[in-house]
Amino acid sequence: MAQEATANEQKKFKVPRIPGDIMIYPMIVGLLLNTFCPQVFEIGGFFTAACRGGSNTIVAAILLFVGAGISFKSTPGAIKTGIVVLIPKLVVAAALGLGVAYFFNDNFLGLSSVSIIGGITFCNMALYTGIMGEFGDESEQGAVGILFFTAGPAVTMIILGVSGLANIPIGTIIGSILPLVIGMVLGNLFPFIKNLLVPGANPAIAVIGFQLGASMSLSSFITGGISGILLGLITLFIVGPITFAFERLCGGNGKAAVACSTIAGTAMTTPVALAEVAPRYAELAPTAYAQIATAVIITAIMAPILTGWVDKKFCHGKEDLSVEGVEAIEEAVATDIDGE
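Residues numbered from 1 in each chain as written. Predicted model: local features only at pLDDT ≥ 70, side-chain atom pairs only at ≥ 80, totals over all residues. Heavy atoms only, no water.

A. Just the overall build of the protein chain, in detail. When you go through the protein chain residue by residue, the secondary structure sums to 18 helices and zero strands. For the protein chain, with 340 residues in total, the buried portion stands at 52%. Taking as baseline every contact in the protein chain between residues at least 6 positions apart, the subset at least 24 positions apart corresponds to 83%. Approximately 15,300 Å² of the protein chain is accessible, and the part contributed by carbon and sulfur atoms is 69%. (Helix = DSSP H or I, 4+ residues; strand = E, 2+ residues; numbered from the N terminus. Buried < 20%, exposed > 50% of the residue type's maximum accessible area, 1.4 Å probe, protein only. Contact = heavy atoms within 4.5 Å. Areas by Shrake-Rupley, 256 points an atom, 1.4 Å probe, with all protein chains shown as cover.)

Printed below as a string of structure tokens:
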């Protein structure tokens, strides 16, 4: 009987893990349904409501859950490291995105200001935590608390709003930050609420992923995926080195800069939120989803490798190739839940 049970276990189909899979797999399901059987979304009732609307509500819930996992207990060293790597990343992302908008009519080899700013500014916190757990010190590990402040669409809204590219009311921007702040306050004041809210991020992200897919076509996914490779490479090899140089100038070793040169899967929620408040971006949103989804995978694969190289080249470190060390990074690569 035991052997039969083992054989049955081996026969079970296992879905391969990829970076951002919690959001990407449901998105692909929604995409295929919308491409080959779009009528299913018009069935009515709760199903249609869940597939065709209410995305901002789910994004707000995700921000609340993510905020609950952010700790106020960052050391001065962690705060400094976080600020040092965050500033150049935001500045370069804004410069690239606005440059594309003003000089290339918001289309540089398929990339728009929405995908560039919305993607690059949104660091993959889980992956950063995993990488720094292997290569970083306490201040570098704690810097994730500062990087969390870029979570959500508010940063992109502020950049596009201040630049004049989008007319976004200040109340909308504040409202975009508020769920994150409320989550932070509740999570830090009440540990039991933190334990209640943080696990909710996974299912909420899966639902929003399905909604994104339900609004996309196969052609837009393929087109966006190709240009998404470029977005990932820009994040790694343009934004990354600039952030690395800035951290080195500020006395750091550069590892945190390289480790945060990633894009989080939940950055795909930014085009959703932006399309709701600035309709001119609605037609760009489906392609932006696919671009960010591809860039998530590219950056998640390359960032640990590049950080290990920097550690060995500039810090005389030794990469942890123990079973535990490798498994820690693999788990972080496969997980894209910011705040976990």
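B. Broad picture of a nonpolar patch on the surface. Taken together, the side chains of Phe72, Ile158, Val162, Ile177, Leu178, Val181, Ile182, Val185, Leu189, Phe190 and Phe192 define a hydrophobic patch exposed on the protein surface, amounting to about 1,000 Å² of accessible area. Elements that contribute at least two residues to the nonpolar patch include exactly helix 10 (154-163) and helix 11 (170-189). For the nonpolar patch, the element with the highest residue contribution is helix 11, accounting for six residues. Position of isoleucine 182 relative to the elements: it lies in helix 11. Residue class for isoleucine 182 comes out partly exposed when judged on its relative accessible area of 39%. (Patch = residues over 30% accessible without salt bridge, like charges linked within 9 Å, V, L, I, M, F, W, Y side chains within 5 Å. Salt bridge = Lys/Arg side-chain N within 4 Å of Asp/Glu carboxyl O.)

C. Region of the structure containing the nonpolar core. Among the nonpolar cores identified, the biggest contains 71 residues, and Tyr128, Leu147, Leu231 and Met268 are the most heavily contacted of them. In terms of residues, this core owes the most to one element, helix 17 (residues 285-314), which gives 11 residues. Excluding residues within four positions of it along the chain, leucine 147 makes contact with Gly82, Val85, Leu86, Cys123, Met125, Tyr128 and Cys260. One finds Ala94, Ile117, Leu274 and Ala288 within the second-largest nonpolar core, a separate group that totals 18 residues. (Core = buried A, V, L, I, M, F, W, Y, C linked by side-chain atoms within 4.5 Å.)

D. Main features of helix 11. For helix 11, spanning 20 residues, the distance from its first C-alpha to its last is 28 Å, which sits close to the expected 28 Å at 1.5 Å a residue. In the structure, helix 11 departs most strongly from a straight axis at leucine 178, where the bend amounts to approximately 30 degrees and where the proline proline 179 lies between one and four residues downstream. Inspection of helix 11 places Ile173, Ser176, Pro179, Leu180, Gly183, Met184 and Gly187 among the buried residues, and these make up the whole buried set. (Expected span 1.5 Å × (residues − 1). Bend = angle between axes of the 7 residues up to and from the residue.)

E. View of the side chain of threonine 307. Within the element layout of this structure, threonine 307 appears in helix 17. A polar side-chain atom of threonine 307 sits 2.7 Å from the main-chain carbonyl oxygen of alanine 303. Threonine 307 has contacts with Ile131, Met132, Phe135, Lys255, Val258 and Ala259, leaving out every residue within four places of it along the chain. (Polar contact = N/O pair within 3.5 Å; in protein donor to acceptor, adjacent residues only side chain to side chain.)

F. Quick look at the packing of helix 5 (residues 76-103) against helix 10. One can describe the packing of helix 5 onto helix 10 by two numbers: an axis separation of 11 Å at closest approach and a directional angle of 50 degrees. One element, helix 5, and the other, helix 10, form an angle in the oblique class. Crossing geometry of helix 5 relative to helix 10 is assigned as right-handed. Residues Leu90, Ala94, Leu98 and Tyr102 of helix 5 pack against Val155, Ile159, Leu160 and Ser163 of helix 10. Taken together, the residues that form the contact of helix 5 with helix 10 break down as seven nonpolar, one polar and no charged. (Axes fitted to C-alpha atoms, helices over the stretch in contact; angles between N-to-C directions. Parallel < 35°, antiparallel > 145°, perpendicular 65-115°, else oblique. Left-handed = near helix turned anticlockwise from the far one by under 90°. Nonpolar A, V, L, I, M, F, W, Y, C, P; charged D, E, K, R; others polar.)

G. The arrangement of the packing of aromatic side chains in detail. Evaluation of the coordinates by the stated rule reveals four aromatic pairs. A ring pair is formed by phenylalanine 41 and phenylalanine 47, whose centres lie 6.2 Å apart and whose planes are at 5 degrees; its orientation type is stacked. Accessibility expressed as a relative area gives 34% for phenylalanine 47, which makes it partly exposed. Ring centres of phenylalanine 190 and phenylalanine 192 lie 6.2 Å apart, and the angle between their planes is 65 degrees; on these two criteria the pair is classed as edge-to-face. It is arginine 280 that lies over the ring of tyrosine 281; its NZ or CZ is 4.8 Å from the centre. (Phe/Tyr/Trp six-rings, centres within 6.5 Å; stacked < 30°, edge-to-face > 60°. Lys NZ or Arg CZ within 6 Å of the ring centre and 35° of its normal.)

H. Fine view of the side chain of serine 115. Structurally, serine 115 can be placed in helix 6 (residues 113-120). Within the structure, serine 115 has its side chain in polar contact with the backbone oxygen of serine 112 (distance 3.0 Å). The residues touching serine 115, leaving out its near neighbours within four places in the chain, are Ile120, Leu231, Ala288, Gln291 and Ile292.

I. Inspection of the environment of valine 185 at higher detail. With respect to the helices and strands, valine 185 occurs in helix 11. Taking C-alpha positions, valine 185 is 9.2 Å from serine 71, a pair spaced 114 residues apart along the chain.

J. Broad picture of the packing of helix 5 against helix 6. Between helix 5 and helix 6, the shortest axis-to-axis distance is 8 Å and the interhelical angle comes to 175 degrees. As far as their axial angle goes, helix 6 and helix 5 are roughly antiparallel. Every residue of helix 6 that contacts helix 5 at Lys89, Ala93, Ala94, Leu96, Gly97, Leu98, Val100 and Ala101 is listed here: Ser113, Ile116, Ile117 and Ile120. Classifying every residue of the contact of helix 5 with helix 6 gives nine nonpolar, two polar and one charged.

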